[in-house]
Amino acid sequence: MTVRVRISTKDAQEILLSSGEWAAIVMAAEDTALPPELRGLCITVRDTVRQSLVIRMDDPSIAARTEAALVALVGAGLLSVATRDALLALADAPAGGDAPTVRFEKGYPVPRSGLVVLNTGDYRLDELVECAHKDAPNVSYGAFLASVIVEASA
């Protein structure tokens, strides 16, 4: 069983912005023609990301509501499955212990870093993050990790 951790709303917003889906959620929050349930959901997501520091995915009731909200946003066409998975991956990030590994093929661009894998093989995520952080110090660990998980599993 995966241990859930808190999600930094900065990391969540970074994923939403980089996917291009943040604007759709914000605009839907302002669209009075939408069904009230969908508009209310978009308002909640917008305000949570803008005003909170974390999403408490370590609390099972909040995790369940968050997952349901993401499913509803996917169903409404405001969020892609890949973005939903990247957001949920933030909550499943390892909280310690051995770093997970991911297999990359030669020539694969490491997400968000501009680096290219020189040799096919298994790479430790902590080493990839450290290397990418040297080139892009403003990229958050959570957003990088979610990007690696989603892109490497594609």
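Computed from a predicted model, the values in this text were never measured in an experiment. (Residues numbered from 1 in each chain as written. Predicted model: local features only at pLDDT ≥ 70, side-chain atom pairs only at ≥ 80, totals over all residues. Heavy atoms only, no water.)

A. View of the confidence of the model for the chain. Across the chain, pLDDT averages 78, with 58% of residues at or above 70. Mean pLDDT per element in the chain: helix α7 (residues 141-153) is the minimum at 56, and helix α2 (residues 22-30) is the maximum at 96. (pLDDT = per-residue confidence, 0-100. Helix = DSSP H or I, 4+ residues; strand = E, 2+ residues; numbered from the N terminus.)

B. Summary view of the side chain of Thr-9. Inspection of the secondary structure puts Thr-9 in helix α1 (residues 9-19). Within the local environment of Thr-9, its side chain forms a polar contact with the backbone oxygen of Ser-52, the two atoms lying 2.5 Å apart. (Polar contact = N/O pair within 3.5 Å; in protein donor to acceptor, adjacent residues only side chain to side chain.)

C. Just the nonpolar core, in detail. Of all hydrophobic cores here, the largest spans 27 residues; its most connected members are Ile-25, Cys-42, Leu-73 and Leu-87. Taken together, the elements giving at least two residues each to this core come down to α1, α2, α3 (36-51), α4 (60-75) and α5 (81-91). (Core = buried A, V, L, I, M, F, W, Y, C linked by side-chain atoms within 4.5 Å. Buried < 20%, exposed > 50% of the residue type's maximum accessible area, 1.4 Å probe, protein only.)

D. Geometry of the environment of Asp-11. Structurally, Asp-11 can be placed in helix α1. Measuring from C-alpha to C-alpha, the distance between Asp-11 and Val-54 comes to 9.3 Å, with 43 residues separating the pair along the chain.

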